[in-house]
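Read off the chains here:
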Amino acid sequence: MIFSKFERLTAGRYLRAKRKEGFISVITGFAFTGIALGVATLIIVMSVMNGFRAELLGRILGINGHIGLMAPNGYPFNNYLNAVKDIMEIEHIKLAMPMIENQLLITAGKSAEGAMVRGIAKDDLLKKPAMAKAVEKVDMNYFADDNVIIGIRLARKMGIVEGDKITLLSPNGKVTAFGTVPRMKSYQVIGLFDSGMYEYDANFIFMPLDSAQLYFGLKGAVTNIDVTLDDDKYLQPVRDALERSLGGGAYIYDWKQSNAAFFNAIEVERNVMFIILTLIIVVAAFNIISGLIMLVKDKGRDIAVLRTMGATKGMVMRIFFMDGAFIGVVGTLIGFVLGMLFCENIEAIRQGLQTILGRDLFSAEIYFLSKLPAKVDMWEVLSVVSISLLLSFAATLYPAWRAAKMDPVEALRYE
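A brief structural summary. Everything quoted here is computed from the prediction, not taken from an experiment. Throughout, residues of each chain are indexed from 1 in the direction in which the sequence is written. Thresholds applied to this predicted model are a pLDDT of at least 70 for local features of residues and 80 or more for the giving and counting of side-chain atom pairs; totals over whole chains, interfaces and linings are not thresholded and use all residues. Excluded from the side-chain calculation are hydrogens and water; included are all heavy atoms of the structure.

1. Regarding the overall build of the protein chain
Spelled out, the test is: Under the scheme used here, helices are H or I runs from DSSP no shorter than 4 residues and strands are E runs no shorter than 2 residues, and both carry numbers assigned from the N terminus. Classification of residues uses two cut-offs on accessible area relative to the type maximum, computed with a 1.4 Å probe and protein chains only: under 20% is buried, over 50% is exposed, and between them is partly exposed. Residue contacts follow a heavy-atom distance rule, with two residues in contact if any of their heavy atoms lie within 4.5 Å. Only the protein chains shown count as cover for residues, and the accessible areas themselves come from Shrake-Rupley with a 1.4 Å probe.
In terms of helices and strands, the protein chain carries 17 helices and nine strands. When each of the 415 residues of the protein chain is scored for burial, the buried share is 45%. Counting contacts in the protein chain only where the partners sit at least 6 residues apart, residues at least 24 apart contribute 80% of the total. For the protein chain, the exposed surface amounts to about 21,900 Å²; the carbon and sulfur share of it is 59%.

2. Re the pairing of strand β1 (residues 67-70)
The condition is simple: Pairing between strands requires that DSSP locate at least two bridges from one strand to the other.
As paired elements, β1 and strand β8 (residues 224-229) share four bridges and run antiparallel to each other. Of the residues in β8, the one forming a bridge with isoleucine 67 is valine 227. Alignment of β1 against strand β9 (residues 251-254), held across four bridges, turns out to be antiparallel. Following the sheet pairing, isoleucine 67 is matched in β9 by aspartate 254.

3. Thoughts on the packing of aromatic side chains
Any aromatic ring pair is given by two values, namely how distant the centres are and how the planes are angled relative to each other. Let me state the cut-off plainly: Ring pairs are drawn from Phe, Tyr and Trp, using the six-membered ring of Trp, whenever the two centres fall within 6.5 Å, and their geometry is named by plane angle: stacked under 30 degrees, edge-to-face over 60, tilted for the rest.
By the definition in use, this model includes six aromatic pairs. Taking the centre distance of 5.0 Å and the plane angle of 65° together, the rings of phenylalanine 193 and phenylalanine 206 count as edge-to-face. You can see phenylalanine 193 sitting in strand β6 (residues 179-193) and its partner phenylalanine 206 sitting in strand β7 (residues 204-208), a full 13 residues away along the chain. A centroid spacing of 4.9 Å and a plane angle of 90° characterise the contact between tyrosine 215 and phenylalanine 216, whose relative ring orientation is edge-to-face. An identical accessibility class is assigned to tyrosine 215 and phenylalanine 216; each is buried. Chaining the aromatic ring pairs together yields one cluster made of Phe193, Tyr200, Phe204 and Phe206.

Shown next as structure tokens:
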């Protein structure tokens, strides 16, 4: 659509409201602000939801693999070295790590907590970048014998510091003539790991694999084999290959099964938030309609004069279309800039608000992460901007059409 200089000048003049048109200016201001806030809010919320999902997935896959193997009926893998060798021959498998996982009770002084012990070889633990980063402050040369590494939040809950002794109690102990005697043994904490995900930092203990085998009475065996892929897109083909290779010799599960309910809930919440927040832009679009209709009514005499001077219906329609489009375009642009700036500095903003309000706005105990994430998806941002512009342009059509349809004779008669 090509606009003439006359149309642009007239549209610009109508946007600069006079004193008697103050109410129209207020409505236009609300529409302008609504568009900007709607676009900014949509970009921020969708980016936070994307960041939350990406961070959780990264942390989960940083500690756990894409696929897990367990021996059927709860029995351990006695031939795990051969199994790992066979698994590593399958295409797109990056790592296959044998481990022992079991829940038990940890005590230190007068404190007691439930925890998940993971027995894993030192070399395997350091092969995962996320875990290597989590234990970067720990001297891994001491990760042997009766030494363990515990999550930083578990340590804080129990008042444990590096060098302290902890006692592990497992109910699956030795069977004697007097009943089952729980396993109990003391270990020294050589360091604390910080994965950045509350669920792991508050519940996990890492133990050398040979020490875990000795503690749980699994000499030469493991309970799990953790498989990491070079790319998540090969999850199903690799899983199918594992099922063909192992047959009924193992129970196979993947990260999507283990976390299905959680990630489905995030996806549903994300979609609902998108729909709800889009209504902000819809409301702003209705404000554009009401503001332009009142502007058309107020400018009835001007429209009649323009028509009698030779202005066509198309010219009048384009003038008012430009007024509404200007509100939509500039509001969308400001919303886009605000949204992107907010996403870029979201953690600093959160910290500032927490300092001002004196309360925690993003509790790690609730949201699993210690920092507020934001991941901007430019395709989603483009969708938000497109929706905003589309609604803004659509909102101008009826008032512009009504202005073009106005009869100049009738307009001058009632002025």
